[in-house]
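# Reading the structure
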Amino acid sequence: MIQYPNTADLMIRNITVYTQDAGRTVLPSVDVAIRGDTIAAIGHLPKKEWTAKQELDGTGKTLFPGMHNMHVHVFQSLLKDLGADKDLVGWLQDCPFRCGPHITPEMFELACKLAAMESLRSGVTTLADFCYLQSTIDFGYISGLTMEKIGIRGIFMDCFHSCGEDMNTHPSMILPPKEAIARTHELKTFFEDGTHPLNTVWPGISVSWGGSPELYDAVVDYSEKTGTPYTMHVLETEDDNVWTQKHFGKDLVEVMEEHRFLSDKLLAVHDVVIKPHEIETFARYGVNVVYCPMANTILGSGIPPMTEMMRRGINITMATDGAGSNNSSDMVESLKMGLLLQKGYMKDPTAMTAQNMLDFITVNAARAEHRTDIGSLEVGKKADMFIYDPTFLRSAPNFNTLATLMYNSSQENIETTIVGGRIAYHKGQFACGLDEREVAREAIEYMNDWIKTH
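Summary of the structure given here. (Residues numbered from 1 in each chain as written. Predicted model: local features only at pLDDT ≥ 70, side-chain atom pairs only at ≥ 80, totals over all residues. Heavy atoms only, no water.)

### Here's the deal with the state of the cysteines
A complete count under the given rule lists zero disulfides for this structure. Free of any disulfide, C131 has its nearest cysteine sulfur in C159, 8.0 Å distant. C163 takes part in no disulfide bond, and the closest cysteine sulfur to it belongs to C159, at a distance of 14 Å. Looking at C163, the relative accessible area reads 15%, which means it is buried. (Disulfide = S-S within 2.5 Å. Buried < 20%, exposed > 50% of the residue type's maximum accessible area, 1.4 Å probe, protein only.)

Right, here's the structure in full:
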């Protein structure tokens, strides 16, 4: 019997690797060995020295760290197109505020399937569900367990309103701060007990008009006690400042600073109308931000000054936002839009580069999550990655794979998505056993009936 000194559960052979290590090293034509959920080796790994339970041929293909989609409202996967051609507040009233209070657990699970499967199909290995539907704690359990079943790494962002009636926030979305944090803690205790390795739970405030002083304090206190990051929609439009001026006599960033909400644990989403002095404030506190170019453009909110924030050293991450204000959970689509908007906004083709965007969706996201075990392809880190195949009409010829990924690719280029060492998606098939067309048909039929009565 041949004795192999090294064993792997999965081996990817002869593939170019964008490691995203500190030196942004690119390794041509190497092998990647995965053992369990961890990268065991990268390099030239002779077959006479290595055996693997499963091998993939990476010839002519490229391996990237998995993308992190840092801000999605998964329930909105059932609400595509309902709020078309409206501004943010009008869209809120017509789409999520109209439909959200009537979302059932069955509908929420179906929405999670749609969002998670589309995410895997576009190379996403971490999906952050910013959930502000608070009529039942069941949504938190459904989100985490469904993502676990489908095989994607999930962050359930348990985000609350403790006020906001004057903005027509539905009563079912409003909870007292103590009750809100207690619910977050229950979910966190369940999912972070060691038996759900793909799931984490964060607290958050939904939006400026949901944040009472007591809720700001409760979220920060919980973060400081547990070391957990937190999140909030910030300055998506000027409506934030209008509301806080009315109720606090200050702009939103001043209110956040007063209540200790600005820190390196904060993931601030959108930041479209942020002012130059507020960018300086974010930089001083180490705030992380999320760039949502598709939703900001569809809703006509504007183009956030991400280039200026990047130049100030602010840690930028990337997201599709909810499919209700994007109409998809396709991260590949958002990459090109995000780059082009900044180039046009700055009137400078070098303002933001393909490498900057790759940083946003990998290492920057891991930094915002306060994790050192994901975000790059290095020995000892979690095996979260996707295989990119350039041999499609849209992406051929391919002279610069990183540029091709960012500017002329689509979901069809994502051949394989691996999460925690497990192949979750491969060539149109999902390891969870769900069929894409069957899930799509179920969503179409369900929502065609549902919308007639709502």
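This is not the end of the story, as more comes after the structure.
### Quick look at the sheet that holds strand β13 (residues 315–318)
Spatially, eight strands are ordered β6-β7-β8-β9-β10-β11-β12-β13 in an open sheet, and the strand pairing comes out parallel. Edge positions in the open sheet fall to β6 (67–72) and β13, since each of these has one partner strand only. In this sheet, neighbouring strand axes are inclined to one another by 25 degrees on average, regardless of whether the strands run parallel or antiparallel. On top of the sheet, helix α6 (residues 213–226) reaches β8 (153–160), β9 (199–205) and β10 (230–234); it is set at about 150 degrees to β9, its chief contact. (Pairing = 2+ DSSP bridges. Helix = DSSP H or I, 4+ residues; strand = E, 2+ residues; numbered from the N terminus. Axes fitted to C-alpha atoms, helices over the stretch in contact; angles between N-to-C directions. Contact = heavy atoms within 4.5 Å.)

### Describing the packing of helix α4 (residues 138–150) against helix α5 (residues 177–191)
Closest axis-to-axis distance for the α4/α5 pair is 10 Å, and the angle between their directions is 25 degrees. Comparing the axis directions of α4 and α5 gives the class roughly parallel. For the element pair α4 and α5, the recorded crossing hand is right-handed. In this structure, α4 uses G140, Y141, G144 and L145 to contact α5, whose residues at the interface are E186, L187, F190 and F191. Of the residues belonging to the contact of α4 with α5, the class tally is five nonpolar, two polar and one charged. (Parallel < 35°, antiparallel > 145°, perpendicular 65-115°, else oblique. Left-handed = near helix turned anticlockwise from the far one by under 90°. Nonpolar A, V, L, I, M, F, W, Y, C, P; charged D, E, K, R; others polar.)

### Here's the deal with the packing of helix α3 (residues 105–121) against helix α16 (residues 436–450)
Axis angle and axis distance: for two packed helices, these are the angle between their axes and the distance between the axes, and together they describe the pair. Two elements in contact, α3 and α16, have axes separated by 11 Å at closest approach and are oriented at 140 degrees. Between α3 and α16, the interaxial angle falls into the category oblique. Considering how the two elements wind past one another, α3 and α16 form a crossing that is left-handed. In contact with E106, M107, L110, K113, L114, M117 and R121 of α3, α16 contributes E436, V439, E442, A443, Y446, M447 and W450. Of the residues assigned to the contact of α3 with α16, the class counts are nine nonpolar, no polar and five charged.

### Examining the pairing of β8
The element β8 is largely enclosed, with a buried count of eight among its eight residues. Here β8 shows a buried face lined by R153, I155, M157 and C159 and a second buried face lined by G154, F156, D158 and F160. Inspection of the sheet shows strand β7 (residues 124–131) paired to β8 by six bridges, in the parallel sense. Paired with L127 across the bridge in β8 is G154.

### Side note on the environment of M346
The residue M346 is located in helix α12 (residues 331–346) in this model. In contact with M346, other than residues within four places in its own chain, are T307, E308, R311 and A351.

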